[in-house]
Amino acid sequence: MAEFSWDVRSPLDRALVSGAHGAHGDAGVSLTEIRDFDLIQVMARRGKAADMATAAKARFGIAAPETPKAVRTADATLIWSGPDQFLVLSKGGGHGTEALAQPFASSASLSDQSHTRVLISISGARALTMLAKLSSIDLHPDAFPVGAAAATSMDHASVTLWRGNDRDGLAVFNVLVFATFAESLWHTMLDSAAEYGVDISHSEDMA
Amino acid sequence: MRITCPFCGERELGEFTYLGDAKPVRPVAGASEDEVFDYVYLRDNVAGVMSENWYHGGGCRAWLKVTRNTLTHEISAVEPAAGAGAAKVGA
């Protein structure tokens, strides 16, 4: 029997070149790919939305979002992804399918999305200006504060978008995009951000 | 044209797909050939207010029932289609 050596690589392995891109000087936009995360889709079974909410509260100590929002626990982020469903984003396997199977056994179906999405974190003084080119929704702080989330599209690709906690006084936007669309969206993001100067990196740390 | 998704809020048309008349109801099993023919093929060509199915595929992936005036594109109501979002529909 043939032996395989599976090598887990990011879908952006080829496209992502760390360092400076675009206009010289201070980078207005930072693009960081976050690698090696656990992402579980939790979707209520028919008529079990209330039970799922109870199970989520018991498991995470905080209510799962029922409107387009992202909430954080000590070691996970719960992101609304549609009616009666949310995503659990975490690291280290503590909230993987095996860990969540029992708590949600009678209320929700789980689907492991860890390797189906790419997570891109966008920050910097010009992040909002750059994202305005890609998103048709209003990302102004009054309309899209910290913790706001949206299931939307960017450049025709479905994305899950949410605003994380500010870093150095600046907004941080997170985008989850399907793995096979990631390289295309990545190049579009680079093109959109080039005029502001881009700082490109990847990280293992969840922001 | 923009559609206000009951789950996501107001979004651009590009996030939605039109699925046609929301009126036809699937006949019961064993219905006559005429009833099935009507359901599959016959559609009213409404000039005015009609009920339509739309799919928010570029967003929350919910099915929506949109009341739209085909002459003016005015949308007077958007509600979740049966089965979309149990919490809101109670299905």
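Residues numbered from 1 in each chain as written. Chains lettered and ligands numbered in written order. Predicted model: local features only at pLDDT ≥ 70, side-chain atom pairs only at ≥ 80, totals over all residues. Heavy atoms only, no water.

1. Some remarks on the overall build of chain A
Then step 1. When its secondary structure is counted, chain A shows four helices and 12 strands.
Then step 2. A compact globule built from 207 residues would reach a C-alpha radius of gyration of about 17 Å, and chain A, at 18 Å, matches this within 12%.
Then step 3. Reported as C-alpha extents along the three principal axes, the dimensions of chain A are approximately 55 × 55 × 30 Å.
Then step 4. Within chain A, the proportion of its 207 residues that are buried is 50%.
Then step 5. Of the contacts made within chain A by residues no fewer than 6 positions apart, 67% connect residues no fewer than 24 positions apart. (Helix = DSSP H or I, 4+ residues; strand = E, 2+ residues; numbered from the N terminus. Rg over C-alpha atoms; globule rule 2.2 N^0.38 Å. Buried < 20%, exposed > 50% of the residue type's maximum accessible area, 1.4 Å probe, protein only. Contact = heavy atoms within 4.5 Å.)

2. Some details on the interface of chain A and chain B
Then step 1. Contacts between the two partners involve 17 residues from chain A, matched on the other side by 16 residues from chain B.
Then step 2. Taken as a group, Pro83(A), Ser136(A) and Ala151(A) account for 36% of the area that chain A buries against chain B, more than any other trio of residues on that side.
Then step 3. Linking chain A with chain B are zero salt bridges.
Then step 4. At the boundary of chain A with chain B, the tally comes to six residue pairs in polar contact (both at pLDDT 80 or more).
Then step 5. At the level of secondary structure, the elements contributing two or more residues to the side of chain A that touches chain B comprise β5 (76-82) and β9 (149-154) of chain A.
Then step 6. The element best represented in the side of chain A that touches chain B is β9(A), accounting for four residues.
Then step 7. By residue class, the composition of the side of chain A that touches chain B is six nonpolar, nine polar and two charged. (Buried area = accessible area lost by both parts, 1.4 Å probe. Salt bridge = Lys/Arg side-chain N within 4 Å of Asp/Glu carboxyl O. Polar contact = N/O pair within 3.5 Å; in protein donor to acceptor, adjacent residues only side chain to side chain. Nonpolar A, V, L, I, M, F, W, Y, C, P; charged D, E, K, R; others polar.)

3. A closer look at the pattern of salt bridges
Then step 1. If you walk through the whole model with that rule in mind, you get nine salt bridges over all chains.
Then step 2. The residue Glu33(A) makes a salt bridge to Arg35(A) at a minimum N-O spacing of 2.6 Å. The pair Glu33(A) / Arg35(A) is uniform in exposure class, with both members buried.
Then step 3. Glu10(B) serves as the salt-bridge partner of Arg2(B), at 2.5 Å between the closest nitrogen and oxygen.
Then step 4. A residue is classified by how much of its surface remains accessible, and Glu10(B), at 45% relative accessible area, is partly exposed.

4. A word on the domain arrangement of chain A
All names here are of chain A.
Then step 1. Taken domain by domain, chain A holds domain 1 (19-35 + 115-205) and domain 2 (37-112).
Then step 2. Relative placement of domain 1 and domain 2: their C-alpha centres are 24 Å apart.
Then step 3. With 15 residues of domain 1 at the contact, the number on the domain 2 side is 14 residues.
Then step 4. Buried surface at the junction of domain 1 and domain 2, summed over both partners, amounts to about 1,200 Å²; 65% is from carbon and sulfur atoms.
Then step 5. On the domain 1 side of the contact with domain 2, Arg 117, Ala 149 and Trp 162 bury the most area, a combined 32% of that side's loss. (Domains from an automatic or database assignment.)

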